[in-house]
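# Notes for the structure review
So you can see what is in the structure, the chains are spelled out below.
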Amino acid sequence: MSSADDQRPQAFTKPTFSEAQAQAVVESVFGFKVSEIQPLPSYDDQNFHVCVSRTTDTTDSPVEYVLKISNTESSRTPDLIEVQSHIIMFLQAAGFPTASVCRTKGDNITSLMSVDSGSEIKSYLVRLLTYLPGRPIAEIPISPRLLYEVGRLAAQLDKTLEKFHHPKLKCLYRENFIWNLKNVPLLEKYLDALGPDQNRAIVEQVIQLFKDEVRTKLRHFRECINHGDLNDHNILVESSKSAFADDAYHVSGILDFDDMSYGYYVFEVAITIMYMMIESKTPVEVGGHVLAGFESVIPLTPVERGALFLLVCSRFCQSLVLAAYSCQLQPENKEYLMITAKSGWKHLQHMCDLGQKAVEEVWFDTAKSYQSGLSGE
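Residues numbered from 1 in each chain as written. Predicted model: local features only at pLDDT ≥ 70, side-chain atom pairs only at ≥ 80, totals over all residues. Heavy atoms only, no water.

As a rule of thumb, soluble globular proteins bury nonpolar side chains together. With 101 residues, the main nonpolar core has V312 and W363 as its most contacted residues. The element that contributes the greatest number of residues to this core is helix 7 (residues 302-329), accounting for 15 residues. Excluding anything up to four places from it in sequence, V312 contacts A270, I273, M274, M277, M351 and W363. Ranked by size, the runner-up nonpolar core spans 20 residues in total, among them V25, V34, I69 and M113. (Core = buried A, V, L, I, M, F, W, Y, C linked by side-chain atoms within 4.5 Å. Buried < 20%, exposed > 50% of the residue type's maximum accessible area, 1.4 Å probe, protein only. Helix = DSSP H or I, 4+ residues; strand = E, 2+ residues; numbered from the N terminus. Contact = heavy atoms within 4.5 Å.)

Below you can see the structure in the form of structure tokens.
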């Protein structure tokens with residue numbers, strides 16, 4: 001879900017490679033013979049599922065890949081994409097279910113492709129990653145046990161990245177990156193996409209509360225590198241062999257590291273809670289299970305816990321407002337862009353109606369029950 005660090009995405013940034021053009025990139029840049037290729041849904045980049053033919057030299061190699069074509073804005077930040085790619089490789093080496101990054105024929109991890117659009121020449125960075133099996137967690141009923149696993153995984157990821165080093169790591173300080181939770185006030189530039197309805201009033205209220213009650217506390221939060229987009233389509237699951245119904249699935253893949261930036265531990269858990277709420281029939285109850293998993297690795301401080309409710313509301317606002325804005329730029333991609341909006345506005349309204357104290361009581365009591373063994377964990 002990323003664009004470059006401009007505060008306002010541009011209408012022209014999304015690539016529009018045909019399947020034939022994408023196939024030519026895979027064959028000419030990465031040296032594979034493509035047997036099948038088809039587009040995958042995406043936010044403002046372009047992705048293709050690629051199947052390749054085996055050769056005598058690649059009998060042990062994977063046959064399924066994802067070609068990622070970055071938009072023109074992101075393609076202007078090759079250092080950022082390089083760091084993100086090295087993080088994917090670092091996490092895989094540490095045992096996380098991330099993709100492998102394929103090198104080009106010139107032994108690089110990215111390649112810059114220039115395309116003549118008729119009126120100008122545009123440049124796009126391309127990468128090839130191995131295809132991860134599994135189903136998006138959005139497609140299955142999520143058990144409390146799986147929510148706990150997702151929360152724990154989010155914390156383990158952030159904790160592991162404390163050990164990651166790279167000479168260009170500072171590029172993850174993305175000051176004006178619209179998807180970083182600390183930049184919630186920047187949403188004011190996009191509110192016209194909502195129109196003068198009740199939804200706009202809720203967002204304006206959340207933004208003001210963020211300014212008054214969260215922004216002043218940022219210096220008390222513990223900093224870390226955030227994945228920043230552990231949504232219900234970026235976490236893949238597969239069936240488990242466990243005999244227990246509550247262990248029917250386990251996490252098999254983590255996708256989309258394009259929104260990585262420096263943030264805070266509490267940002268990661270807030271973002272994860274919000275996205276795990278999307279498809280739930282009991283959304284408010286979700287937060288406690290995710291929080292319990294996260295805190296089994298990284299317990300939050302009292303000041304971080306106190307900001308969690310508003311941070312979850314703020315992430316709802318980011319996702320809903322920016323989706324509405326992006327739909328104006330990409331009306332042909334509306335179905336994908338509005339995935340969160342199908343239930344997101346209802347969930348945000350419900351949280352606001354209940355209020356912070358009532359929601360926190362549900363979350364914190366549920367999280368506490370894990371410590372005392374009452375959760376069925």
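Next comes the rest of the write-up.
With that settled, the discussion passes to helix 6 (residues 283-295). Spanning 13 residues, helix 6 covers 19 Å between terminal C-alpha atoms, matching the ideal 18 Å at 1.5 Å per step. Of all the 13 residues making up helix 6, 12 are buried; the element is thus mostly covered by neighbouring parts of the structure. Of all the residues in helix 6, the buried ones are P283, V284, V286, G287, G288, H289, V290, L291, A292, G293, F294 and E295. The inward-facing, buried residues of helix 6 contact helix 3 (144-160), helix 5 (265-277), helix 7, helix 9 (341-354) and helix 10 (356-371). (Expected span 1.5 Å × (residues − 1).)

This part covers the sheet that holds strand 9 (residues 235-239). Two pairing modes exist for strands in a sheet, parallel and antiparallel, and in both the strands are linked by backbone hydrogen bonds. Pairing is antiparallel across the open sheet formed by three strands, whose spatial order is 7-9-10. The open sheet has two free edges, formed respectively by strand 7 (135-136) and strand 10 (249-254), since each of these has just one partner strand. Bridge count for strand 9 against strand 10 is five bridges, and the pairing is antiparallel. Residue pairing in the sheet places I235 in a bridge with I254 of strand 10. (Pairing = 2+ DSSP bridges.)

Before going further, it helps to spend a moment on the side chain of N234. Secondary-structure assignment places N234 in the loop between strand 8 (223-226) and strand 9. Here D229 takes part through its backbone oxygen, which lies 2.9 Å from a polar atom of the side chain of N234. Other than its neighbours up to four places away in sequence, N234 contacts D229, G253, I254, L255 and D256. (Polar contact = N/O pair within 3.5 Å; in protein donor to acceptor, adjacent residues only side chain to side chain.)

So, on to the pattern of salt bridges. A full pass over the atoms with the stated rule returns 15 salt bridges. Two residues, E27 and K33, come together in a salt bridge whose shortest N-O distance is 3.9 Å. Given the relative accessible area of 25%, E27 is considered partly exposed. Between K182 and E175 there is a salt bridge, and its shortest N-O distance comes to 3.7 Å. (Salt bridge = Lys/Arg side-chain N within 4 Å of Asp/Glu carboxyl O.)

Let us now look at the confidence of the model for the chain. Scored by pLDDT, the chain comes out at a mean of 90, with 91% of its residues at no less than 70. Under a pLDDT of 50 for its full length, residues 1-12 has, in the predicted model, 48 contacts with residues more than four places off or in other chains. (pLDDT = per-residue confidence, 0-100.)

Turning our attention to the layout of surface pockets. If you add up the space inside the largest pocket, you get close to 710 Å³. Elements with a contribution of two residues or more to the lining of the largest pocket: strand 3 (64-69), strand 6 (121-130) and strand 7. Ranked by residue count, the leading element in the lining of the largest pocket is strand 6, at three residues. Taken together, the residues that form the lining of the largest pocket break down as 17 nonpolar, seven polar and eight charged. (1 Å grid on protein atoms, 1.4 Å probe; cavity = no way out; pocket = protein on both sides within 12 Å on 5 of 7 lines; lining within 4 Å. Points joined across faces, edges and corners; volume = space filled by probe spheres on them. Nonpolar A, V, L, I, M, F, W, Y, C, P; charged D, E, K, R; others polar.)

Counting through the fold element by element, V359 comes out in helix 10. As for V359 and S143, which are separated by 216 residues in sequence, their C-alpha atoms are 19 Å apart. Beyond its immediate chain neighbours, meaning those up to four positions away, V359 contacts V284, F309, M351 and L354.

The next subject is helix 2 (residues 78-93). When the terminal C-alpha atoms of helix 2 are compared, their 23 Å separation across 16 residues agrees well with the 22 Å that a helix rising 1.5 Å per residue should span. Among all positions in helix 2, only L80, I81, V83, Q84, S85, I87, I88 and L91 are buried. Packing partners of the buried residues in helix 2 comprise strand 4 (101-102), strand 6 and helix 3.

Now for the packing of aromatic side chains. The final tally for this structure, using the stated rule, is nine aromatic pairs. With a centroid separation of 4.0 Å and 10° between ring planes, the pair formed by Y173 and Y262 is classed as stacked. Placement of Y173 in the loop between helix 3 and helix 4 (198-214) and of Y262 in strand 11 (residues 261-264) is noted, with a sequence separation of 89 residues between them. Residue Y173 is classed as partly exposed on the basis of its relative accessible area, which comes to 38%. For Y262, a relative accessible area of 15% gives the class buried. Ring pairs connect the aromatic residues F221, Y264 and F267, which therefore count as one cluster. In this structure, R174 packs its charged tip against the face of F177, placed 3.7 Å from the ring centre. (Phe/Tyr/Trp six-rings, centres within 6.5 Å; stacked < 30°, edge-to-face > 60°. Lys NZ or Arg CZ within 6 Å of the ring centre and 35° of its normal.)

Time to look at the packing of helix 3 against helix 6. Where helix 3 meets helix 6, the axes come as close as 6 Å, and the angle between the chain directions of the two elements is 45°. Our classification of the angle between helix 3 and helix 6 gives oblique. Considering the relative orientation of helix 3 and helix 6, their crossing is right-handed. Between helix 3 and helix 6, the contacting residues are P144, L147, Y148, G151, R152, A154 and A155 on the first element and V286, H289, V290, A292, G293 and F294 on the second. Across the contact of helix 3 with helix 6, the residue classes break down as nine nonpolar, three polar and one charged. (Axes fitted to C-alpha atoms, helices over the stretch in contact; angles between N-to-C directions. Parallel < 35°, antiparallel > 145°, perpendicular 65-115°, else oblique. Left-handed = near helix turned anticlockwise from the far one by under 90°.)

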